[in-house]
Structure formats: C-alpha cells, structure tokens
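Spelled out from the first residue to the last, the chains are:
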Amino acid sequence: MPNYRIEIDRSICQGFGACVELCPGGFYLSDEDGKSKLRRGESVIEGGENVKEFINVDEKGCYGQAEATCPFKAITVTEL
Ligand code: SF4
C-alpha cells in the first residue's frame, strides 16, 4: 500500500528545477513547457493543459526535500 501522495501543481510551477536537482529520480523538466513533471506521474488535464500531476509512493524519500525547497509551493506531500 502506498503511504504518500506526491502532487505537483504545474499551474504555479515556474520551472528552473530546484526539485529536479534535489530529486532527479522523482522529477524532470518538460521539454515542452520547461515546467517540472513527475516521473511515472498521472496527469490532470484541464483546458488542454497539463495542470497537475500526482503519484502515490511507499517512501517519502527525496520528495519531502523537494516540497520544502520549491519556492512557489507547487509540490505537496500528503500522508495517506
Ligand atoms: S522547484 Fe517548484 S517551481 Fe521549481 S521546477 Fe520544481 S516544482 Fe517548479
């Protein structure tokens, strides 16, 4: 059973990739819009835009560091 839900609100992500530097196994920058995406994440599409992604994981790992570091608070880690 997964223990945490990781979400990224791509509508407020500004790119630059602090989360990618801290957690390259979890995030990468999209070639299309320069914003962060979750590896193996599921996308939420609204108005043709990929506005949010989420994934459920067993271990918080480096996702927590990414959450704490994102200057725009675009990443949330929630215990399930
Ligand atoms: S640190 Fe935050 S604003 Fe920067 S790329 Fe990651 S999610 Fe986007």
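Residues numbered from 1 in each chain as written. Predicted model: local features only at pLDDT ≥ 70, side-chain atom pairs only at ≥ 80, totals over all residues.

Next up on the list: the site of the ligand. Looking at the ligand, there are 14 residues lining it, with Cys13, Ala18, Cys19, Ser36 and Cys70 nearest. For the shell around the ligand, the per-class residue count stands at nine nonpolar, four polar and one charged. (Near = placed C-beta within 6 Å. Nonpolar A, V, L, I, M, F, W, Y, C, P; charged D, E, K, R; others polar.)

Turning our attention to unusual backbone geometry. For residues that are not glycine, phi is negative in most cases, and the peptide bond is trans in most cases. Although it is not a glycine, phenylalanine 16 sits at a positive phi angle of roughly 75 degrees. Within the secondary structure, phenylalanine 16 is located in the loop between strand 1 (4-9) and helix 1 (18-22). Since 15 C-beta atoms lie within 10 Å of it, phenylalanine 16 is described here as partly exposed. Of note in the backbone geometry, lysine 73 takes a positive phi value of approximately 55 degrees without being a glycine. Turning to its location among the elements, lysine 73 is positioned in the loop between helix 2 (63-69) and strand 6 (75-79). Under the C-beta neighbour-count criterion, lysine 73 is labelled exposed, with 10 such atoms within 10 Å. (Helix = DSSP H or I, 4+ residues; strand = E, 2+ residues; numbered from the N terminus. Buried ≥ 20, exposed ≤ 12 C-beta atoms within 10 Å, placed from the backbone.)

Let us now look at the sheet that holds strand 4 (residues 42-46). Pairing is antiparallel in the open sheet, where four strands are placed in the order 4-5-1-6. Looking along the sheet, the strands with just one partner apiece sit at the ends: strand 4 and strand 6. Taken over all neighbouring pairs, the strand axes of this sheet differ in orientation by 20 degrees on average, direction set aside. Pairing geometry for strand 4 and strand 5 (residues 49-57), over five bridges, is antiparallel. (Pairing = 2+ DSSP bridges. Axes fitted to C-alpha atoms, helices over the stretch in contact; angles between N-to-C directions.)

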